[in-house]
Amino acid sequence: DIGRGQAKEFIPQAIKTTCSLGGKYYGQEKNEKSLECIEHVLEMDPKCSTALTWKGRLLLRFEKPEESLKYCREAIELDPKSAMAFHGKGNALRKMGKFEEAL
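Residues numbered from 1 in each chain as written. Predicted model: local features only at pLDDT ≥ 70, side-chain atom pairs only at ≥ 80, totals over all residues. Heavy atoms only, no water.

A.B. asks: When you look at the side chain of K55 in this model, what are you seeing that I'm missing?
C.D. replies: Within the fold, K55 resides in helix α3 (residues 49–61). The class for K55 is buried, based on a relative accessible area of 12%. Setting aside residues no more than four positions away along its own chain, K55 makes contact with L35, I38, E39, L42 and Y71. (Helix = DSSP H or I, 4+ residues; strand = E, 2+ residues; numbered from the N terminus. Buried < 20%, exposed > 50% of the residue type's maximum accessible area, 1.4 Å probe, protein only. Contact = heavy atoms within 4.5 Å.)

A.B. asks: Hey, could you run me through α3 in this one?
C.D. replies: Residues separated by three or four positions in an α-helix point in the same direction, a consequence of the helix having 3.6 residues per turn. For α3, built from 13 residues, the straight-helix expectation of 18 Å at 1.5 Å per residue is met to within 8% by its first-to-last C-alpha distance of 19 Å. In terms of burial, α3 is a largely internal element, 11 of the 13 residues being buried. Positive backbone phi, at 60°, marks E63, one or two positions downstream of α3. (Expected span 1.5 Å × (residues − 1).)

A.B. asks: I tried to follow the nonpolar core on my own but got confused; where do I start?
C.D. replies: Inside soluble globular proteins, nonpolar side chains tend to come together where they are buried. Residues C19, I38, V41 and A51 are the most contacted members of the largest nonpolar core, which totals 17 residues. Those elements that provide at least two residues to this core are α1 (4–27), α2 (31–44), α3 and α4 (65–78). Examining the composition of this core, we find that 5 residues originate from one element, α3, more than from any other. Other than its neighbours up to four places away in sequence, V41 contacts I15, T18, C19, C48 and A51. (Core = buried A, V, L, I, M, F, W, Y, C linked by side-chain atoms within 4.5 Å.)

A.B. asks: What is the right way to look at the packing of α2 against α3 in this model?
C.D. replies: Helix-helix packing: each pair is described by the crossing angle between the helix axes and the interaxial distance. At a closest axis distance of 9 Å, the pairing of α2 and α3 adopts a crossing angle of 150°. With respect to the hand of their crossing, α2 and α3 are arranged in left-handed fashion. Here N31, S34, L35, I38, E39, V41 and L42 of α2 come into contact with α3, specifically with A51, L52, W54, K55, L58 and R61. Grouping the constituent residues of the contact of α2 with α3 by class yields 8 nonpolar, 2 polar and 3 charged. (Axes fitted to C-alpha atoms, helices over the stretch in contact; angles between N-to-C directions. Left-handed = near helix turned anticlockwise from the far one by under 90°. Nonpolar A, V, L, I, M, F, W, Y, C, P; charged D, E, K, R; others polar.)

A.B. asks: Looking at this structure, I do not really get unusual backbone geometry. What am I missing?
C.D. replies: Phi at E29 is positive, roughly 60°, even though this residue is not glycine. Along the chain, E29 falls in the loop between α1 and α2. What makes E29 exposed here is its relative accessible area of 60%.

A.B. asks: Quick question: what am I supposed to make of the pattern of salt bridges here?
C.D. replies: Working definition: two side chains of opposite charge can pair if their charged atoms are close together. Taken as a whole and judged by the stated rule, the model has 4 salt bridges. A salt bridge links E63 to K95, with the nearest nitrogen and oxygen atoms 3.5 Å apart. Here E63 is found in the loop between α3 and α4, whereas its partner K95 is found in helix α5 (residues 83–95), with 32 residues between them in sequence. Notably, a salt bridge pairs E101 with R73, separated by 2.8 Å at the nearest N-O pair. Of this pair, E101 sits in helix α6 (residues 99–102) while R73 is found in helix α4, placing the two residues 28 residues apart along the sequence. Taking relative accessible area as the criterion, R73 reaches 34% and is therefore assigned partly exposed. (Salt bridge = Lys/Arg side-chain N within 4 Å of Asp/Glu carboxyl O.)

Here it is in C-alpha cells:
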C-alpha cells in the first residue's frame with residue numbers, strides 16, 4: 001500500500017519511465033505504442049515538454065503537420081532550449097511548405 005508521500009515520489013518516476021518507453025517505441029517505429037505511452041504521460045502531466053515534443057513528432061509521422069506544429073510550439077514555450085522540439089517544429093513547417101518560417 002503506497003502512502004501519500006510515496007505516491008508523490010512515484011508519479012515523476014512513472015512519467016519519466018513512460019516517456020522514455022514512448023521514445024524507445026518511436027525509435028523502433030512502433031508509432032501506435034509510442035503514442036499510447038506519450039498520451040499516458042500527458043494525462044499525468046499535460047505540461048511535460050518532452051512528451052509534447054514526442055507527440056508532435058509522432059503526429060508528423062501520421063501526416064498531421066498542423067497538429068504536430070501545435071505540440072512542438074507548446075513544448076518550445078515550456079522549454080525554449082529543446083533542440084528536439086525546434087527540430088520537430090522545423091519539420092512540421094517544411095511539410096506544410098513554409099520553408100522560410102522553418103529556417
